[in-house]
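What follows is the residue order along each chain.
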Amino acid sequence: MTAVALHGWRRTHADFGASLGPAAHDGPLACVAPDLPGFGATPAPAEPWGSVEYAVAVASLLEHDRDRSPGQPPVVVGHSLGGRIAVRLAAARPELVGALVLTGAPLVSRPGGSRRPPLAFSVARALHRAGVVNDRQMERARHRYGSADYRAAQGVMRQVLVRLVNESYEDSLAALRCPVELVWGDDDTEATVETARALERAIPQARLTLCPNAGHLLPLTAPAELRAAVERASARRS
């Protein structure tokens, strides 16, 4: 296995087809790209996972492959949610990760702090806790004021989302020892270029490549640049 590709929130393994799979211009890589639990063909976890639990699941996949065909550990590619998981995995199980490629991964706080919920939502939440606003009214407030991802999430996946967006990654970033390629859309509005530059400063072995007009869904908009980043990361593995 050369690479493991981890997709973003509300995405699937198919996002990597044009960069690493059969549709890639330079042909497919030896790559595993699973649908993460809760997305695509994979059922949601029974309980609300955070990035640590997702990383444990990916580690099990890598351990199985290592036992079956020992060799150099793979490049782990993480887009958005996948980047959160990839960093947790590389920090906790460095023997399983040869290098990282991260894109659109919201791993540091936005400049100026995180987005605050609208005042009306904060008031509704406080009244719900006090028993003044009932569950049905609170759900209407969530749909009115919540993010698109939050509104779309159902069941346990809504709790997963809440856990993920409230996580901190400073310790995991500081623990990284493998080569890291950051490949970023210069107009990404979900994980801005300021996020990418902050990661470049925070990770000792990080190198940043900016892709014009690639936006947040870089695996789809700039597959050749993502493929090149994987190849650079692979060459940097010790």
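Please read these numbers as outputs of a predicted model, since none were measured by experiment.

The rules behind these values
Residues numbered from 1 in each chain as written. Predicted model: local features only at pLDDT ≥ 70, side-chain atom pairs only at ≥ 80, totals over all residues. Heavy atoms only, no water. Helix = DSSP H or I, 4+ residues; strand = E, 2+ residues; numbered from the N terminus. Rg over C-alpha atoms; globule rule 2.2 N^0.38 Å. Buried < 20%, exposed > 50% of the residue type's maximum accessible area, 1.4 Å probe, protein only. Contact = heavy atoms within 4.5 Å. Areas by Shrake-Rupley, 256 points an atom, 1.4 Å probe, with all protein chains shown as cover. Lys, Arg positive; Asp, Glu negative; His and termini not counted. Charge placed at Lys NZ, Arg CZ, Asp CG, Glu CD. Expected span 1.5 Å × (residues − 1). Phe/Tyr/Trp six-rings, centres within 6.5 Å; stacked < 30°, edge-to-face > 60°. Pairing = 2+ DSSP bridges. Salt bridge = Lys/Arg side-chain N within 4 Å of Asp/Glu carboxyl O. Polar contact = N/O pair within 3.5 Å; in protein donor to acceptor, adjacent residues only side chain to side chain. Core = buried A, V, L, I, M, F, W, Y, C linked by side-chain atoms within 4.5 Å.

**Q** What exactly am I supposed to notice about the overall build of the protein here?
**A** Assigned secondary structure in the protein consists of ten helices and six strands. Rg of the C-alpha trace for the protein: 18 Å, near the compact-globule value of 18 Å for 238 residues, within the 12% margin. In terms of overall dimensions, the protein has a C-alpha envelope of 60 × 35 × 35 Å along the principal axes. Across the 238 residues that make up the protein, the buried fraction comes to 45%. Here the contacts in the protein between residues at least 6 apart in sequence split such that 73% fall between residues at least 24 apart. If you sum the accessible surface of the protein, you get close to 11,700 Å²; carbon and sulfur atoms cover 52% of it. Across the protein, the 27 positively charged side chains and the 24 negatively charged ones have centroids separated by 6 Å.

**Q** Help me out: how do you make sense of helix 10 (residues 223-236) in this one?
**A** Owing to its 3.6 residues per turn, the α-helix brings residues three or four apart onto one side. A rise of 1.5 Å per residue sets the reference length of helix 10, with its 14 residues, at 20 Å; its end C-alpha atoms lie 20 Å apart and thus fit the reference within 8%. Residues Pro223, Leu226, Arg227, Ala229, Val230, Ala233 and Arg236 constitute the buried set of helix 10. Against strand 1 (3-6), strand 3 (75-79), strand 4 (99-103), strand 5 (180-185), strand 6 (206-211) and helix 9 (218-221) lie the buried residues of helix 10.

**Q** Explanation requested: the packing of aromatic side chains in the structure shown.
**A** The description of an aromatic ring pair rests on the distance of the ring centres and on the angle between the ring planes. Within the structure shown, the criterion is met by two aromatic pairs. With 5.1 Å between their ring centres and 85° between their planes, Trp49 and Tyr54 make a pair best called edge-to-face. For Tyr54, a relative accessible area of 0% puts it in the buried group.

**Q** Help me understand the sheet that holds strand 3, please; the structure alone is not making it clear to me.
**A** Taken in spatial order, the six strands make up an open sheet running 2-1-3-4-5-6, and their pairing is parallel. Either end of the sheet is taken by a strand with one partner, and the two such strands are strand 2 (31-32) and strand 6. One ladder, built from four bridges, connects strand 1 with strand 3; its direction is parallel. In the strand pairing of strand 3, Ala3 is matched with Val75.

**Q** Can you walk me through the pairing of strand 1 in this structure?
**A** As a general feature of sheets, a regular strand has side chains that alternate between the two faces. Going residue by residue along strand 1, you find Ala3 and Ala5 tucked away on one face and Val4 and Leu6 tucked away on the opposite face as well. As paired elements, strand 1 and strand 2 share two bridges and run parallel to each other. Bridging from a neighbouring strand, Val4 pairs with Val32 of strand 2.

**Q** Would you take a moment to explain the pattern of salt bridges for this structure?
**A** It is possible for side chains of opposite charge to pair when their charged atoms get near one another. Tallied over the full model, the rule gives nine salt bridges. Ionic pairing is found between Glu63 and Arg93, a salt bridge with its closest N-O pair at 2.7 Å. Of the two residues, Glu63 is situated in helix 1 (residues 51-68) and Arg93 in the loop between helix 2 (81-92) and strand 4; the sequence distance between them amounts to 30 residues. The partly exposed category is assigned to Glu63, whose relative accessible area is 26%. The residue Arg227 makes a salt bridge to Glu231 at a minimum N-O spacing of 3.0 Å. Of this pair, Arg227 and Glu231 both sit in helix 10, four residues apart, which is roughly one turn of that helix. Where salt bridges share partners, they join Glu63, Arg93 and Glu95 into one cluster.

**Q** Any chance you could explain the side chain of Ser80 here in plain terms?
**A** Among the secondary structure elements, Ser80 is positioned in the loop between strand 3 and helix 2. A polar contact of 3.3 Å, which involves the side chain of Ser80, links it to the side chain of His216.

**Q** So what exactly am I meant to see when it comes to the nonpolar core here?
**A** When a protein is soluble and globular, its nonpolar side chains tend to lie buried together. Grouped together as the largest cluster of nonpolar side chains are 43 residues, with contacts concentrated most on Trp9, Leu89, Leu100, Val180 and Trp184. Elements with a minimum of two residues in this core: strand 1, helix 1, helix 2, strand 4, helix 6 (156-165), strand 5, helix 8 (193-202) and strand 6. When residues of this core are assigned to their parent elements, the largest contribution, six residues, is made by helix 2. Formed by 17 residues, the second largest nonpolar core is a distinct cluster that contains Ala5, Val101, Leu218 and Ala233.

That's the geometry; what it means functionally is another story.
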